[in-house]
Amino acid sequence: MAWIPPTRLTRTTLFLSALGIGLVVAACGETSIEAEVAGVVLADPQVDAASSQSTTAAPTTTAAPSTTTSTTTTTTTTTTLPVRPVLSSEDLIDRRVDTHDVHEPPVDATFVSTIESPASADIIARSTWNEECPVAATDLAYAEVSFFGFDGEFHTGELLVHVDYVDPIVDIFGRLHEMRFPIEEMRIISEYDLANPSADANTTSIFTCRRSVSSSRWSRHAFGDAVDINPFHNPYVSSGRVIPALATAYVDRERNVPGVITEEITAMFDEIGWGWGGDWNRVKDWMHFSATGG
Ligand SMILES: [Zn+2]
């Protein structure tokens, strides 16, 4: 993630404001246990403020985050935006952002995967795992898998997943690679990510030790048995609220653009018994698949 000069930051803020994006969101009274999300999130005492994921790179590779405080006439809650490049208007409608390589990319188009089960202590240390989490660190496996980017190149992603599901999940990512399903970014969510939610999150990930967006229950991500795929292309929608906030163009699920979950993909998860958030009734969480269906 490149350092963004101050003038660019100002433009980012103005750009988002001009769009009227709901950077500040009022409390949501919804209590669905289905609500799982990666995306922007809200400084709301009833909502886990750390329940979002950011596509911002780790602090070792970016400048310090800027704080953007915004208010509306209907709420007093605020949120913080990380430092990010400005997405073009085209990106908001048909997002095809190049992948920033965190790991060395594969040498060719052959799918490569490595599994470390359980994950080593240094991997756990850069994740959101802590003693309070509902899964033991020794029940999490680490996998690196090849994936196909929107830039037409192959990349290496990383996943932290419950040991019981690492094999079928790696198999699915192998099939996504084979069908050239584009993924923008795939890496472990860090504490830094949780503290720096973004309005344009698009990180594909599994384990995150956090609560559900709209309840105090643990998210299935906290158990390591739920995956979010291209959150921006497959947003979460509840009562008109869209997360990530800039992904409103993707609420229309009839658009046939790259990165959107297809029937072929839902069938893959169906085969391993995982449910899809796109099948929920009151809430739609198109990015989300989980072992329990919740
Ligand atoms: Zn999810």
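For the structure, see preceding data.
Below: a short report on this structure. Model, not experiment: these values are computed from the prediction.

Here is what the cut-offs are and how they apply
Residues numbered from 1 in each chain as written. Predicted model: local features only at pLDDT ≥ 70, side-chain atom pairs only at ≥ 80, totals over all residues. Helix = DSSP H or I, 4+ residues; strand = E, 2+ residues; numbered from the N terminus. Contact = placed C-beta atoms within 7 Å. Buried ≥ 20, exposed ≤ 12 C-beta atoms within 10 Å, placed from the backbone. Pairing = 2+ DSSP bridges. Core = buried A, V, L, I, M, F, W, Y, C linked by C-beta atoms within 7 Å. Axes fitted to C-alpha atoms, helices over the stretch in contact; angles between N-to-C directions.

### Some points on the overall build of the protein chain
Alright, step 1. Scanning the protein chain from N- to C-terminus turns up six helices and eleven strands.
Alright, step 2. A separation threshold of at least 6 residues defines the contact pool for the protein chain, and within that pool the share at least 24 residues apart is 72%.

### Brief notes about the pairing of strand β3 (residues 154-162)
Alright, step 1. Judged by how many residues are buried, β3 sits mostly within the fold: eight of nine residues are covered.
Alright, step 2. Pairing between strand β2 (residues 140-148) and β3: nine bridges, direction antiparallel. If you follow Val145 over to β3, its bridge partner there is Gly157.
Alright, step 3. From the end of β2 to the start of β3, which pair antiparallel, there are five residues, and Gly152 there has a positive phi angle of about 80°.

### Re the sheet that holds strand β9 (residues 275-276)
Alright, step 1. The three strands lie next to each other as β6-β11-β9, forming an open sheet whose pairing is antiparallel. Across the chains shown, the open sheet's two edge strands, defined by having one partner strand only, are β6 (226-228) and β9.
Alright, step 2. Strand direction decides the pairing type here: β6 and strand β11 (residues 288-290), joined by three bridges, are antiparallel. Its bridge partner lying in β11, Asp228 is registered against His288.

### What to know about the nonpolar core
Alright, step 1. With 52 residues, the main nonpolar core has Ala143, Leu159, Leu160, Val161 and Ile169 as its most contacted residues.
Alright, step 2. Setting aside residues no more than four positions away along its own chain, Leu160 makes contact with Ala119, Ile123, Ser127, Leu140, Tyr142, Ile188, Ile206, Phe207 and Gly224.

### Section: the sheet that holds strand β8 (residues 241-243)
Alright, step 1. The antiparallel open sheet is built from three strands, whose spatial order is β8-β7-β10. Because the sheet does not close on itself, it has two edges, and the strands there are β8 and β10 (283-285). Going across the sheet, the axis of each strand differs from the next one's by a mean of 10°, ignoring polarity.
Alright, step 2. Pairing geometry for strand β7 (residues 236-238) and β10, over three bridges, is antiparallel.

### Re the environment of Cys133
Alright, step 1. Structurally, Cys133 can be placed in the loop between α3 (121-125) and β2.
Alright, step 2. Of the residues examined, Cys133 has 19 C-beta atoms within 10 Å and is grouped as partly exposed.
Alright, step 3. Setting aside anything within four residues of it in sequence, one finds Cys133 in contact with Cys209 and Ala222.

### Considering unusual backbone geometry
Alright, step 1. A cis amide bond, omega 0°, links Ser117 with the succeeding residue Pro118.
Alright, step 2. With respect to the secondary-structure elements, Pro118 resides in the loop between β1 (113-116) and α3.
Alright, step 3. In this model, Asn230 sits at a positive phi of 40°, which is unusual for a non-glycine residue.
Alright, step 4. Looking at the element boundaries, Asn230 is found in the loop between β6 and β7.
Alright, step 5. Look at Ser239: it is not a glycine, yet its phi comes out positive at around 50°.

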